[in-house]
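Each chain is listed here by its residues.
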Amino acid sequence: MPTIRTAGGLLGSGSTVADTFIMIYEVPTSVAACTATLSICNTNNSPVNVSVAITSNAPYAFTPGDYVFYNMPVEPSGTAGMACGALSPGEKVYVKANLVGVGAQLRGFTTSST
């Protein structure tokens, strides 16, 4: 009988580099299920534009369907969040902002069986 393991908490985090996508998390291929929520925090004194893409494609080879947000405005010292829902094994979560210092955290649960 397989053993089911569930883990929860911080899956990945990072801070943006201006106009560069950073990978926050990649769902391991050993995971049967993953649900997650993404939080964005603008630590700047200026508004920023944030893009979020979720894909299993090659890094940075995004198609329009990969974008969850594209140039979404976030006010100074503001936050934004989104439920990513179910993520599949091999999918990656990328975040980009037009300024440095925008924090991103992905929190959720993974389930695997052995």
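Procedures and definitions
Residue indices begin from 1 for each chain and proceed along its sequence in written order. Restriction of local features to residues with pLDDT of at least 70 applies here, the model being predicted, together with a cutoff of 80 or more for giving and counting side-chain atom pairs; totals for whole chains, interfaces and linings are based on all residues. Heavy atoms throughout the structure, all of them, feed into the side-chain values; hydrogens and water do not. Going along the chain from the N terminus, every DSSP run of H or I of four or more residues is numbered as a helix, and every run of E of two or more is numbered as a strand. We compute the radius of gyration from the C-alpha atoms alone; for a globule the expected value is 2.2 Å times N to the 0.38, where N is the number of residues. Burial classification: accessible surface area is computed with a 1.4 Å probe over protein chains only, and a residue below 20% of its type maximum counts as buried, one above 50% as exposed, and the rest as partly exposed. Contacts: residue pairs with any heavy atoms within 4.5 Å of one another. Only the protein chains shown count as covering a residue, and every accessible area follows the Shrake-Rupley method with a 1.4 Å probe. Here the positive residues are Lys and Arg and the negative ones are Asp and Glu; neither His nor the chain ends is included. A charged residue contributes its charge at one atom only: NZ of Lys, CZ of Arg, CG of Asp or CD of Glu.

What follows concerns the overall build of the chain. Along its length, the chain carries zero helices and eight strands. Listing the helices and strands of the chain from first to last along the sequence gives β-β-β-β-β-β-β-β. In terms of overall size, the chain behaves like a compact globule, its C-alpha atoms giving a radius of gyration of 15 Å where 114 residues would be expected to give roughly 13 Å. Principal-axis analysis of the C-alpha atoms places the extent of the chain at approximately 55 × 25 × 20 Å. Within the chain, the proportion of its 114 residues that are buried is 39%. In the chain, once contacts between residues fewer than 6 apart in sequence are set aside, the share between residues at least 24 apart is 82%. Looking at the chain as shown, the accessible area adds up to about 6000 Å², and 55% of this sits on carbon and sulfur atoms. Between the mean site of the 4 positive side-chain charges and the mean site of the 5 negative ones, the chain shows a separation of 11 Å.

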